[in-house]
Amino acid sequence: MENYTLIVTEKPDAAQRIAKALDSQGKHEKIEENGVPYFLAHRDQKLVVVPALGHLYTVVHQRGRRNYYPVFNFKWAPRYSAERRAKQTRPWIEVISRLASNAENFIAACDYDLEGSLIGYSVLKYACGDKEGVAKRMKFSTLTKNELEKAYEEPLPSLNFALIEAGRTRHEVDWLYGVNLSRALTLAAKRWSGRYATLSTGRVQGPTLKFLVGREKEIQSFVPTPYWSIRSEVEIKGSAYEVDYETKTFEKKADADAVVEACKGKTGEIETIEVRKLRQKPPIPFDLGKLQTEAYSLFRYTPRRTSRIAQRLYLEALISYPRTSSQKLPPEIDYRAILKKLSEKAIYKKLASDLLGKDELKPVEGKKEDPAHPAIYPTGNMPERELSEPEKRVWDLVIRRFMAVFGEPAIKQSIKACIAVNGHHFYLRGRRVLKEGWTRFYKPYIRAEEVLLPAIKEGEKVSMKQMMREDKFTRPPPRFNPSSLLQKMEEEGIGTKATRADIIETLYSRGYVAEERIVVTDLGFDIADVLGRYCPRVTSVKFTRELEEKMEKIQTNNEDRVNVLVEAVNQLKPVLEELKEREQNIGQALSKAIKRARMQERIIGNCPDCKTGKLMILYSRKTRKRFIGCTNYFKGICTTSFPLPQKGTAKPAQKNCKGCEWPLVFVRMKGRRPWMLCFNPDCPLKEERRKRDEMQSLREGS
Amino acid sequence: MKCKACEKEAENEYCELHEKAYRNISREYDVWKKASDVSWKQYLSEIAKNPYTGVWAREVAESLISEIR
């Protein structure tokens, strides 16, 4: 085989796109070896573009068993040697190693960020045989042909080692914390109860759980207090308009009653009319956090889902690299070229053309910068396949936001009329848009409504149409949702843009939190309690943030990797000693929590017969068969029971049947589609289905 | 000693979590009294049935009501 340049990418999709872009005739060739795809392209020389599969190497314990701690000796090793689920990385490494042995030049073309740099580095170092020192680096923010060609023709002379060091350190510190603390918790519980359950915590997971527990405590111990307000309407030219009383809330019921008494059925007079113009600036471009927040608020997509959709759109060369903290759009991305391409799509044609007609295009920008990538923007490319509905939505959101940042400020008019009634004052408020400005581009995603008022003038008499006291109560603070939690993590400076969404998902998968409006489970409470009591430093936001800042300084060569690692170990040692000393107490507390959590997981709902017991998935001691029974059976009160399928898994669906309102059970069986089982033998839906089947068989018979 | 609201081990009358709720209940009574001059008993039954009351606060309120009875 002739000599060639080996280009390493992060994922297969990116490899294919790079090969396609770099082949001078656009005729790249796909080869598959042992299930591993790679691509051949011809340009000035032969190119072999080989993808990694995300991280192919990971931090592992240098030697020793899994069931002890502390462990501070680590090394980087292939993922297949450490993780049971990473077996597929073995052929991947073998293929890359074979291709590297004949390669003349090496180029890393992974995403230009912490993770991407580390993936490229570890592949070049371990799979290619210490080629990290001679490899060049392609730097790009979109997978468009032009940018990829430019990145190939003008590569950086070497890898970004500062970024790599920062990435390595982050993985190593996270490993030290994760493996030691998780082992301490898991082993404490196992030694006490004799049963194994995976319990985990980590450097960022601990403080994040602490926020949630803090909020949950406020909610659960909240005591509402009463207050009152006035609900009133005036009639102007035959129509009713809501007006606000001058005092928003009353602490005493009697005070609110006095206002109602004084103003009910009275005629008021418009004393003053205040008209103001408001300029609403365009929004700033999306960084990943802002895109995740907006997608959650508009479409209810979790941050992780948005991140994945955006990643797919990036791999399709439809948007720029999404894992960015930048809120800036440099002119080099060529605004006009993007808008020109967007104007080819009918729905953006008019909007993009209007922007193209401007003499100067200057985006409104946010403060945050990212040295590696600009803010998220559309490339202007059109999809090469039919996008899914969620992909379409996120793509449209990115496009409209991109156009909106070039828009003029929106101008709104607000009107506030003060109405005097028997010595009291009410305010009539209206608002309307005078000039749409940037909102034209972002219209589908703007929710503010206009309140149009009739023509009114000072001195005009109006009659009070409705006047009533409203009884209200203060409410507990809102629960976090995945999006607001992500924002909180961002504000507190813990985690990175690439890891925050995954950390939130881990809290769900470990059973520490549940539901969209996040509720902390008993297990979550107990884990947070143990960590807070025995190793408060681990859940300290301040400590976590300081460590994050130090790791960020490695990126700019202002901090040394070894110093950070030594500090992390020094902080961790006393914590682990304390955990070991108290292992018995911790084990007892956690075992109880695990037992409660396991019981909780099996509870289906309230018993429809005795009304006081709970229906649970139980196992017969005699037959080992699975069934649904009432918890009151053990007290000798209720003998209600229902059969369950014996194969596969069955767990509470946390939903009720539409036909009978009984709780449903989610059943998953090999070779069958999972289904929701209503175990009510008299469910009307079952009856309907039976009749339908009977009719069907009759029809077939006739 | 067992917590009066949940029967978990506690150092005082209530466990740590219900203690916090109890403190809130005691503190907010002043606001309720000023607002609508309710008795302690009325106050407890009001908050026990209020949908915005937290679970632990409700449990403490219910245990206090049962003590009064």
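Just so we're clear, the structure is a prediction, and the values are computed from it rather than from any experiment. (Residues numbered from 1 in each chain as written. Chains lettered and ligands numbered in written order. Predicted model: local features only at pLDDT ≥ 70, side-chain atom pairs only at ≥ 80, totals over all residues.)

Description of the overall build of chain A
Convention followed: Helix and strand assignments follow DSSP, with helices taken as H or I runs no shorter than four residues and strands as E runs no shorter than two, numbered in order from the N terminus. The burial criterion counts other C-beta atoms lying within 10 Å of a residue's C-beta, which is placed from the backbone; the residue is buried at 20 or more, exposed at 12 or fewer, and partly exposed between these limits. What counts as a contact is two residues whose backbone-derived C-beta atoms lie within 7 Å of each other.
Within chain A, the secondary structure is distributed over 20 helices and 23 strands. Residues counted as buried form 39% of the 702 residues belonging to chain A. Contacts in chain A between residues far apart in sequence, at least 24 positions, make up 68% of those at least 6 positions apart.

Digging into the overall build of chain B
A tally of regular secondary structure across chain B gives three helices and zero strands. Reading the secondary structure of chain B in the N-to-C direction produces α-α-α. Reported as C-alpha extents along the three principal axes, the dimensions of chain B are approximately 35 × 25 × 20 Å. For chain B, with 69 residues in total, the buried portion stands at 33%. Long-range pairs, those at least 24 residues apart, make up 36% of the contacts in chain B with a sequence separation of at least 6.

Observations concerning the nonpolar core
Across soluble globular proteins, nonpolar side chains show a tendency to be buried alongside one another. Residue and element names in this part refer to chain A. As a reminder of what qualifies: By convention in this section, buried Ala, Val, Leu, Ile, Met, Phe, Trp, Tyr and Cys residues joined through C-beta atoms within 7 Å make up a nonpolar core.
Within the largest apolar cluster, 140 residues are counted, with the highest numbers of intra-cluster contacts made by V8, I18, V49 and L590. Top contributing element to this core by residue count: helix α6 (residues 161-193), with 13 residues. Sequence-distant contacts of V49, defined by excluding residues within four places in its chain, comprise I7, T9, A15, I18, A19, Y38, F39 and A41.

Focus: the interface of chain A and chain B
Put simply, the rule reads: Just so you know the grouping, Ala, Val, Leu, Ile, Met, Phe, Trp, Tyr, Cys and Pro go in nonpolar, Asp, Glu, Lys and Arg go in charged, and all remaining residues, Gly too, go in polar.
The partner chain B presents 19 residues to the 15 residues of chain A that form the contact. The class makeup of the residues in the side of chain A that touches chain B is seven nonpolar, three polar and five charged.

Quick look at the sheet that holds strand β7 (residues 103-108) of chain A
Residue and element names in this part refer to chain A. Here is the rule: A pair of strands is treated as paired once DSSP finds two or more bridges between them. Only C-alpha atoms enter the line fits that serve as axes; for helices the fit covers just the stretch in contact. Angles between N-to-C directions range over 0 to 180 degrees.
Read across the open sheet, the six strands follow the order β2-β3-β4-β1-β7-β8; overall the sheet is mixed. The open sheet has two free edges, formed respectively by β2 (29-33) and β8 (136-137), since each of these has just one partner strand. Pairing geometry for strand β1 (residues 4-9) and β7, over five bridges, is parallel. Each residue of the ladder has a partner; that of T5, found in β7, is N105. The strands touched by helix α3 (residues 89-101) are β1, β2, β3 (36-42), β4 (46-51) and β7; relative to β3, the strand with the most contacts, the crossing angle is about 30°.

Thoughts on the domain arrangement of chain A
As a reminder of what qualifies: Domain limits in this description derive from either an automatic procedure or a database domain assignment.
Structurally, chain A comprises domain 1 (4-159), domain 2 (168-220 + 479-594), domain 3 (226-282 + 411-473), domain 4 (288-404) and domain 5 (605-697). Just the C-alpha atoms count here: the centres of domain 3 of chain A and domain 5 of chain A sit 53 Å apart.

Looking at helix α11 (residues 335-342) of chain A
All names here are of chain A. Applied cut-off: Regarding the arc, it is the one traced by the directions from the helix axis to the C-beta atoms.
Among all positions in α11, only Y335, I338, L339 and L342 are buried. Here the buried residues of α11 occupy an arc of 95° about the axis, which is enough to place them on one side. Along its buried surface, α11 packs onto α12 (346-356) and α13 (389-404).

Some details on the pairing of β4(A)
Residue and element names in this part refer to chain A. Counting buried residues along β4, five of its six residues qualify, which places the element largely inside the surrounding structure. One ladder, built from five bridges, connects β1 with β4; its direction is parallel. Paired with T5 across the bridge in β4 is L47. Two strands pair when backbone bridges link them, and β3 and β4 are joined in this way by four bridges, in the antiparallel orientation. Directly across from F39, in β4, lies its bridge partner V49.

Notes on the sheet that holds strand β19 (residues 626-630) of chain A
Residues and elements named next belong to chain A. Within the open sheet, the four strands sit side by side as β17-β18-β19-β20. Their pairing is antiparallel. The open sheet has two free edges, formed respectively by β17 (603-606) and β20 (641-643), since each of these has just one partner strand. Strand-to-strand twist across the sheet, computed as the mean angle between neighbouring axes with direction ignored, equals 25°. Pairing between β17 and strand β18 (residues 614-619): three bridges, direction antiparallel. Within β18, the residue paired with G605 across the bridge is L615.

Points about the environment of L47(A)
All names here are of chain A. Within the secondary structure, L47 sits in strand β4. C-alpha separation for the pair L47 and D287, spaced 240 residues apart in sequence, amounts to 33 Å. In contact with L47, not counting residues within four places along its chain, are Y4, T5, I7, L22 and A41.

Structural notes on the environment of P157(A)
Following the sequence through the fold, P157(A) ends up in the loop between α5 (145-153) and α6. Taking the C-alpha atoms as reference points, P157(A) and M138(A), separated by 19 residues in sequence, lie 9.1 Å from one another.

Description of the packing of helix α7 (residues 205-220) of chain A against helix α15 (residues 500-509) of chain A
Describing two packed helices takes the angle between their axes plus the distance from one axis to the other. All names here are of chain A. Our working definition: By definition in this entry, angles of less than 35 degrees are roughly parallel, angles greater than 145 are roughly antiparallel, angles of 65 to 115 are roughly perpendicular, and the rest are oblique. Note on convention: near helix rotated counterclockwise from far helix by under a right angle means a left-handed crossing. Clockwise means right-handed.
Running from amino to carboxyl end, α7 crosses α15 at an angle of 70°, the nearest separation of the two axes being 10 Å. On the basis of their axis angle, the class for α7 and α15 is roughly perpendicular. Between α7 and α15 lies a crossing whose hand is right-handed. Where α7 approaches α15, its residues Q205, T208 and L209 are matched on the opposing element by I503, T506 and L507. Its residues placed into classes, the contact of α7 with α15 shows three nonpolar, three polar and no charged.

Here's the deal with the confidence of the model for chain B
Condition: A residue's pLDDT is the confidence the predictor assigns to it, expressed on a 0 to 100 scale.
Residues of chain B with pLDDT of at least 70 account for 99%, and the chain-wide mean is 91. Here the prediction assigns the complex a pTM of 0.79, and the interface score ipTM is 0.97.

Regarding the packing of helix α1 (residues 12-22) of chain A against α5(A)
Residues and elements named next belong to chain A. Between α1 and α5, the shortest axis-to-axis distance is 9 Å and the interhelical angle comes to 80°. When the axis of α1 is compared with that of α5, the two are roughly perpendicular. The segment α1 lies against α5, with I18, A21 and L22 engaging K145, L148, E149 and Y152. Each residue belonging to the contact of α1 with α5 can be placed in one class, and the counts come to five nonpolar, no polar and two charged.

Describing unusual backbone geometry
Residue and element names in this part refer to chain A. Between Y69 and P70 the backbone carries a cis peptide bond, its omega angle lying at 5°. Relative to the helices and strands, P70 is located in the loop between β5 (57-61) and β6 (74-78). In this structure, D334 is a non-glycine residue whose phi angle is positive, near 65°. Along the chain, the position of D334 falls in the loop between α10 (303-315) and α11. Residue D334 is classed as partly exposed on the basis of its 13 C-beta neighbours within 10 Å.

Quick word on the pairing of strand β14 (residues 461-473) of chain A
In this structure, strand β9 (residues 226-236) of chain A lies alongside β14(A), joined through 10 bridges in antiparallel fashion. Within the sheet, the bridge partner assigned to V234(A) lies in β14(A) and is M464(A).

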